[in-house]
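Spelled out, the chains give:
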Number of protein chains: 2
Amino acid sequence: MSADPTARITAVDTHDIRFPTSRELDGSDAMNPDPDYSAAYLVLRTCEGGHEGHGFTFTIGRGNDVQVAAIEALRGHVVGRSVAELCADPGALYRDLIGDSQLRWLGPEKGVMHMAIGAVVNAVWDLAAKREGKPLWQLLADAEPEWLVSQVDFRYIADAITPQAALELLRRGKEGAAERAAELLRSGYPAYTTSPGWLGYSDEKLIRLAKQAVADGFTQIKLKVGADLADDVRRCRTARQAVGPDIRMAIDANQRWNVAEAIEWTRALAEFDPYWVEEPTSPDDVLGHATIRRAVAPVKVATGEHVQNRVVFKQLLQAGAIDVLQLDSARVAGVNENLAILLLAATYGVPVCPHAGGVGLCELVQHLSMFDYVALSGTTEDRVIEYVDHLHQHFVDPVRVQDGHYRTPTLPGFSAQMHQDTIDTFTYPTGGFWAADLAGADPAGRDLAGTEPTA
Amino acid sequence: MSADPTARITAVDTHDIRFPTSRELDGSDAMNPDPDYSAAYLVLRTCEGGHEGHGFTFTIGRGNDVQVAAIEALRGHVVGRSVAELCADPGALYRDLIGDSQLRWLGPEKGVMHMAIGAVVNAVWDLAAKREGKPLWQLLADAEPEWLVSQVDFRYIADAITPQAALELLRRGKEGAAERAAELLRSGYPAYTTSPGWLGYSDEKLIRLAKQAVADGFTQIKLKVGADLADDVRRCRTARQAVGPDIRMAIDANQRWNVAEAIEWTRALAEFDPYWVEEPTSPDDVLGHATIRRAVAPVKVATGEHVQNRVVFKQLLQAGAIDVLQLDSARVAGVNENLAILLLAATYGVPVCPHAGGVGLCELVQHLSMFDYVALSGTTEDRVIEYVDHLHQHFVDPVRVQDGHYRTPTLPGFSAQMHQDTIDTFTYPTGGFWAADLAGADPAGRDLAGTEPTA
């Protein structure tokens, strides 16, 4: 595998991959009762021996084909580009994609088209990190502050952060970075687990998994709430009794409530000492989150997994609407926009605790938090990455969580690559699993879906 | 054509329709230099003799295929439904579509998937109005307040408007409605025109079209700005001289600026007495619009054509961020969500001046403003519907503008239906025009595109 300065992107292959997770109610919450965790997946092919870039949008089933179509609509911007130039400046492609005026109409910078841009941009970063021979977090942490600033689009956020202010934050982040990188390789990055708290689980399963989480070294768990208050009171009491008073317990309503309902419901659960209330209402409602936060303190307010772009994150911070910023690796326009979001969070001093789970979100987002620790915020205090023990076996470089910490990835790339066997089996509707399932057969390889959590 | 209580929706036909408008720079602005006005178009087929429902999403070219794919992803929710039930309660389908938990992940309630829902919901309203034998504005104006309230989803807006408050607004709107309906049929609804002000036009063309607009009875025109300040100063001076001091002249930046740039640029153009500044920055930036509005008064701030849903409109009103609300007929989830937006505007006393132009947006939105006048706000004071003289000849029931007013439509339906010949000619890439164009021929029927404004 050697760098070829004349190499080009030769193809963008796409795959509609779906896992039948709804059959076990894993991932069930008040708004998403039956998700089939899915990925609109792409591979950037090159004529440079052995180098490929992998990326994806996470979806929960129906519509994954629409997401694939959106990725395919970007093909013309990518095929034929110089691999060396693309990897030297992913921001140039990012700007071309969000700047395509005809495609921009379909957002702008939100929804299906924006997530497709994120998948393509992230695939470029995967390719760039593989060519550099570094895990992505290290590529970012090693980069010059000036270059990182060049990767950010400051349009619409310049009233909150300027390129000069960003440069200063990143220069300060260089101080002590080598020591933090060594510490990261030794100890990993703190995680919390959502595995016990899915809404569809029995109390017995909740207790068993909550106790297991504590035994496994986690210091924070999360429970889904918002469907029925009496149930939530019972489940929160049950979980609190299972884990004891010293474990942080977050609650997550998945946008179920109006503003007034969010306040009332959160107060009703306050006796169980929730650490944060997550997605209490629409992710679009900046002012609503600000109202809720004022009313439910000291319970913290967290959101972000459905926040569409840097402009909404900017306002959540400007309005003092959140205590915890939950960026998502694949909802916004990829690493470049997440750099802007990390810089905004650092500017306002708000901790970033990324959303993960789904398919491959843990694999991606660990790199962003680890870069943030080594070379931007410089701390892991009050920072945890979500961990859900689903579907990791489908990845070539899966996350490893030990003693409640993500182990630091060391293989080159963005950890985004799935096994070819997974693609062959779970491509919808023609892959081995689905072809058999749709034909009414009991598909072989059922456990390949990994739908039974093992945590 | 008779109502059949057992009739079902039998098919959802879709069409990718594109017009080559970029070749004349019609529709050119600072963010959209070369739009090919397009429609992701659908027809609801029924087994009820003669009744069909037509709807579409407006796009500006590339990505129209993605939008079509999103409409197709909704097919399973629609085919097989009872026509009578669907038309008696379009809100039931609207709730099913925005509530599909797997599809919801692709927004939520924004972008490609949300616009697809809007197209389908609007097609149902077209069908319902045809079955009732009324133009849509009249169907809405004749409806009982209780039923209209049942068509609105109050989730995420209940902190600004409750069902009870909406009911009171609509009951008050009934007073004098018959007189206003008669007045509407006599005089039509005020319009303003954007036709003179496209960024790609020469000064000579700007002067000619601006003078023509005044001669045609318009009392407001609009100029695109934001690409180059010196050019904008010259074009605003030229236009102001052409129309004189008594004609309102709006300026439209199409999201080109950061907050500080918007303030600076608008102040630099203030000497030409702009009536409003439109889309000064990102449509997502509620707080930014509020800052801009405070700084540029008495120039008014207008936005809405890219505002994704009722939640963002709610906040723009709560924050006092806009003077003029520019709803779009096909950006949000159709008539039902626009009812919510009209009710929010009425609650805050902010005039609605809808976005139009594009393909068929004038045809649709006139119905919403006319309903608002007859049965909700009860006034046309400071209210105008945008008018652009593009592509109307492709519609079976095109808008008619006389003396600066939209004439009131009287044919049953939502005016959404295109001629079959248009569909056959401009379907991309297989229709007559595109097949010839892509084969390198000079396509016959070039003027079918209607790309030369006649105003």
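Going by the annotation in an unreviewed UniProt entry, the name recorded for chain A is L-fuconate dehydratase, with Kitasatospora nipponensis given as the source organism. The annotation that UniProt attaches to chain A under Cofactor (unreviewed entry) is "Mg(2+)". Regarding chain A, the UniProt comment filed under Catalytic activity (unreviewed entry) reads as follows: "L-fuconate = 2-dehydro-3-deoxy-L-fuconate + H2O".

Draft legend 1. Geometry of the packing of helix 16 (residues 334-348) of chain B against helix 17 (residues 361-375) of chain B. Residue and element names in this part refer to chain B. Where helix 16 contacts helix 17, the two axes come as close as 11 Å, and the packing angle between them is 40 degrees. Regarding the angle of helix 16 to helix 17, the classification is oblique. When you trace helix 16 past helix 17, the crossing you get is right-handed. Mapping the contact onto sequence places Val335, Asn338, Leu339 and Leu342 in helix 16 and Leu368, Phe371 and Asp372 in helix 17. Looking at the contact of helix 16 with helix 17, its residues break down into 5 nonpolar, 1 polar and 1 charged.

Draft legend 2. Just the UniProt feature "domain: Mandelate racemase/muconate lactonizing enzyme C-terminal" (unreviewed entry) in chain A, in detail. Sites flagged by UniProt as "domain: Mandelate racemase/muconate lactonizing enzyme C-terminal" (unreviewed entry) map to residues 203-299 of chain A. End-to-end, the C-alpha atoms of residues 203-299 of chain A are 24 Å apart, and along that stretch the chain is 52% helix and 15% strand.

Draft legend 3. Structural view of the interface of chain B and chain A. Listed by partner, the interface residues are 61 residues for chain B and 61 residues for chain A. The contact between chain B and chain A buries some 5,000 Å² in all, and 54% of this surface belongs to carbon and sulfur atoms. On the chain B side of the contact with chain A, B:Arg62, B:Gln102 and B:Trp105 bury the most area, a combined 18% of that side's loss. The interface formed by chain B and chain A holds 6 salt bridges in total.

Draft legend 4. Summary view of the nonpolar core. Judged by nonpolar contacts, the single largest core of 298 residues is most densely connected at A:Leu325, A:Phe371, A:Tyr406, B:Leu325, B:Phe371 and B:Tyr406. The two domains that each donate at least three residues to this core are domain 1 (9-135 + 420-449) and domain 2 (174-406) of chain A.

Draft legend 5. Layout of unusual backbone geometry. Residue A:Pro108 follows A:Gly107 across a cis peptide bond; omega there is -10 degrees. Within the element layout of this structure, A:Pro108 appears in the loop between helix 5 (101-104) and helix 6 (111-132). Residues A:Tyr428 and A:Pro429 are joined by a peptide bond in cis, for which omega reads -5 degrees. Turning to its location among the elements, A:Pro429 is positioned in the loop between helix 18 (420-426) and helix 19 (432-438). A positive phi angle is found at A:Leu391, which is not glycine, with a value near 65 degrees. Relative to the helices and strands, A:Leu391 is located in the loop between strand 10 (385-387) and strand 11 (401-402). Residues other than glycine seldom take positive phi values, yet B:Glu109 does so here, at roughly 55 degrees. With respect to the helices and strands, B:Glu109 occurs in the loop between helix 5 (101-104) and helix 6 (111-132). We classify B:Glu109 as buried; its relative accessible area is 10%.

Parameters at a glance
- Residues numbered from 1 in each chain as written.
- Chains lettered and ligands numbered in written order.
- Predicted model: local features only at pLDDT ≥ 70, side-chain atom pairs only at ≥ 80, totals over all residues.
- Heavy atoms only, no water.
- UniProt positions renumbered as here; feature names shortened; annotations may be inferred.
- Axes fitted to C-alpha atoms, helices over the stretch in contact; angles between N-to-C directions.
- Helix = DSSP H or I, 4+ residues; strand = E, 2+ residues; numbered from the N terminus.
- Parallel < 35°, antiparallel > 145°, perpendicular 65-115°, else oblique.
- Left-handed = near helix turned anticlockwise from the far one by under 90°.
- Contact = heavy atoms within 4.5 Å.
- Nonpolar A, V, L, I, M, F, W, Y, C, P; charged D, E, K, R; others polar.
- Buried area = accessible area lost by both parts, 1.4 Å probe.
- Salt bridge = Lys/Arg side-chain N within 4 Å of Asp/Glu carboxyl O.
- Core = buried A, V, L, I, M, F, W, Y, C linked by side-chain atoms within 4.5 Å.
- Buried < 20%, exposed > 50% of the residue type's maximum accessible area, 1.4 Å probe, protein only.
- Domains from an automatic or database assignment.

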